[in-house]
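Okay, here's what each chain looks like letter by letter:
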Amino acid sequence: MSASPSRINLIDEAWIPVRKLNGERAELGIRDTLLRAKEIAAIEDDSPLVVAALHRFLLAVLYRALEGPTDIDQAKAWFNSGLPADQIDAYLERWRHRFWLFDEKNPFFQIPDYEPKTWRAWTALAAEHNADNAKVLFDHVDVTRPYAVPAAAAARWLLAVQTFALGGGNSDFRYTKSAPSATAVIVLPLGHQLEDTLMLNFVPQNRAVLAGDLPVWEREPESLTSLKAGVERATAGNADRYTWRTRSVRLHDDESGGVSAVAFASGLESASIDSFDPMLGYRIDEKKGKLPVQFRERGLWRDFDSLLPDEAKLAPEVIEHATALARTDRARFPRSVMVLGQSNNKAKIEYWRLERFALPEALLVKHSIRSEIHQLLSDAEENQAALRRACHSYARDLLSRGERNPDAKDIRRAIEQIPATAMYWSALEAEFHDVLGGYSADSDPDVIRLTWLKAIRSTLRDAWRQHANSVSTSDAWTIRALVRAESPINKQLGVLNTEIEKYETYREAQEETI
């Protein structure tokens with residue numbers, strides 16, 4: 001396959017999907033997206049992975065175009081005055097020759113002289129269509145005879161695969177490894193419009209880091225010899241991190257102007273294992289040390305406190321930065337925080353996800369907000385333990401049918417068939433979003449916890465009642481098992497009643513003194 005002449009410059013061509021403030025949807029080039037960011041409500045795409053990658057890419061452009069921010073004062077100045085349009089425009093013109101999607105010498109984010117042993121279907125770029133590691137129901141793309149996709153879509157997936165590629169298997173060069181952020185939860189505070197969103201995530205770096213922080217388009221492509229031998233280097237900074245070449249790619253354009261095939265192999269390996277990504281939250285594992293927060297089946301809201309700043313400095317840096325900026329103009333405090341990413345089982349993608357949470361406005365004035373929310377989540381876990389004990393008792397007694405001692409695996413399987421726990425967490429998730437929405441700068445944490453405990457009490461009671469009602473017409477063995485299993489529930493409801501009464505008595509006493 002021969003190389004393509006220069007075609008489709010991403011600075012001007014429409015490829016970034018946006019929703020404007022007036023509700024209109026459009027695709028824009030890099031220049032219009034950045035210079036008209038105040039007119040844009042959000043970047044929107046069907047793929048959460050594309051949405052995350054596009055934000056990181058645009059921030060990389062800004063880091064290089066503005067050569068900053070070097071500190072919080074410069075970030076605040078731009079937050080108040082707006083992004084310097086002249087600098088952005090001049091930078092894009094200076095590097096225009098590196099933004100051609102198809103080019104003989106420097107195709108964007110590609111290895112120009114890479115001739116693969118076998119050209120692969122374009123689906124290798126897209127998690128939603130990649131039969132290698134994501135079997136998607138109702139995806140009928142035949143990877144042996146794929147149709148061509150629009151170049152705009154290929155450009156978006158090209159960014160996404162560099163951010164989220166999973167390791168596993170050999171390639172033309174080396175064994176493929178995962179992107180540094182492949183399975184992490186990526187966190188984005190959201191402003192009222194795109195310019196605010198970008199600046200809320202525009203974390204300062206010192207001048208020394210900025211000087212050497214080159215994105216992929218300012219670097220010479222790695223040679224085939226070095227890629228075959230294995231390339232490893234440290235991350236220079238955020239622009240480098242957000243445009244890391246995890247995969248060596250070359251796009252093949254066909255007669256229709258779209259992309260029908262790709263060359264696809266291993267790329268660079270990061271030597272910066274312990275470096276912090278500003279968009280990631282971290283946790284400490286006893287054996288493995290610092291690890292990124294990841295999506296789990298249980299739902300990220302149950303770990304929401306891990307996204308909020310504290311003394312340990314493990315929360316996403318973008319949250320702390322966004323809060324610092326918003327202190328200069330509280331009306332522009334992030335309306336919500338978006339979390340995006342994927343979950344995997346080795347080299348197989350289990351699911352990809354996008355969730356939104358209200359960001360507690362109390363972050364502006366309170367340093368204890370993380371511990372307060374941690375307490376609420378702990379309350380939910382502790383009370384669910386009573387439900388778990390009740391379900392275990394019910395399943396064990398139901399299976400025993402007298403003297404039989406049921407196997408532990410049989411008990412676990414029986415518990416999985418009881419919908420009470422799923423009902424409990426589903427109902428509480430909605431309540432938790434309401435709590436976050438009400439966490440204003442002047443809210444009373446005691447009132448919030450009282451409201452939360454009442455929600456837990458009603459949710460725990462209702463979840464068990466629904467289960468009890470579903471089996472209430474069963475045989476005597478079932479009814480006997482149900483009655484015996486209610487003891488942990490009744491006991492825990494008593495504990496909740498006592499705790500709630502303490503709060504209510506305290507509030508009444510406070511009101512009388514006013």
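Refer to the structure printed above.
An account of the accompanying structure is given in this report.

Moving on to the overall build of the protein. When you go through the protein residue by residue, the secondary structure sums to 15 helices and 15 strands. Projected onto the principal axes, the alpha-carbon positions of the protein cover approximately 80 × 60 × 45 Å. For the protein, buried positions account for 54% of its 514 residues. Long-range pairs, those at least 24 residues apart, make up 71% of the contacts in the protein with a sequence separation of at least 6. Here the protein contributes 65 positive and 75 negative side-chain charges, whose respective centroids are spaced 5 Å apart.

With that settled, consider the sheet that holds strand β14 (residues 336-345). Spatially, the 3 strands line up as an open sheet ordered β7-β14-β15, and their pairing is antiparallel. The open sheet has two free edges, formed respectively by β7 (186-190) and β15 (348-357), since each of these has just one partner strand. Neighbouring strand axes in the sheet, compared pairwise and without regard to direction, differ in orientation by 15 degrees on average. Bridging between β7 and β14 involves 5 bridges; their strand directions are antiparallel. Paired with L190 across the two strands is S336, which belongs to β14. On top of the sheet, helix α2 (residues 48-66) reaches β7, β14 and β15; it is set at about 120 degrees to β14, its chief contact.

Ordered in space as β3-β2-β4, the 3 strands form an open sheet in which the pairing is antiparallel. Here the strands that pair on one side only, and so sit at the sheet edges, are β3 (25-28) and β4 (40-43). Across the sheet, the mean angle from the axis of one strand to that of its neighbour is 40 degrees, orientation sign disregarded. Strand direction decides the pairing type here: strand β2 (residues 16-20) and β3, joined by 4 bridges, are antiparallel. Within the sheet, the bridge partner assigned to P17 lies in β3 and is E27. Here α2 sits on the sheet in contact with β2 and β4, set at roughly 115 degrees to β4.

Burial analysis of β7 places 5 of its 5 residues in the buried class, which makes it a mostly covered element. On β7, burial covers both faces: I186, L188 and L190 on one face and V187 and P189 on the other are all buried.

On to the side chain of E355. Structurally, E355 can be placed in strand β15. When near neighbours in sequence (up to four residues on either side) are disregarded, E355 contacts F295, L300, V337, M338 and V339.

The rules behind each value
Residues numbered from 1 in each chain as written. Predicted model: local features only at pLDDT ≥ 70, side-chain atom pairs only at ≥ 80, totals over all residues. Heavy atoms only, no water. Helix = DSSP H or I, 4+ residues; strand = E, 2+ residues; numbered from the N terminus. Buried < 20%, exposed > 50% of the residue type's maximum accessible area, 1.4 Å probe, protein only. Contact = heavy atoms within 4.5 Å. Lys, Arg positive; Asp, Glu negative; His and termini not counted. Charge placed at Lys NZ, Arg CZ, Asp CG, Glu CD. Pairing = 2+ DSSP bridges. Axes fitted to C-alpha atoms, helices over the stretch in contact; angles between N-to-C directions.

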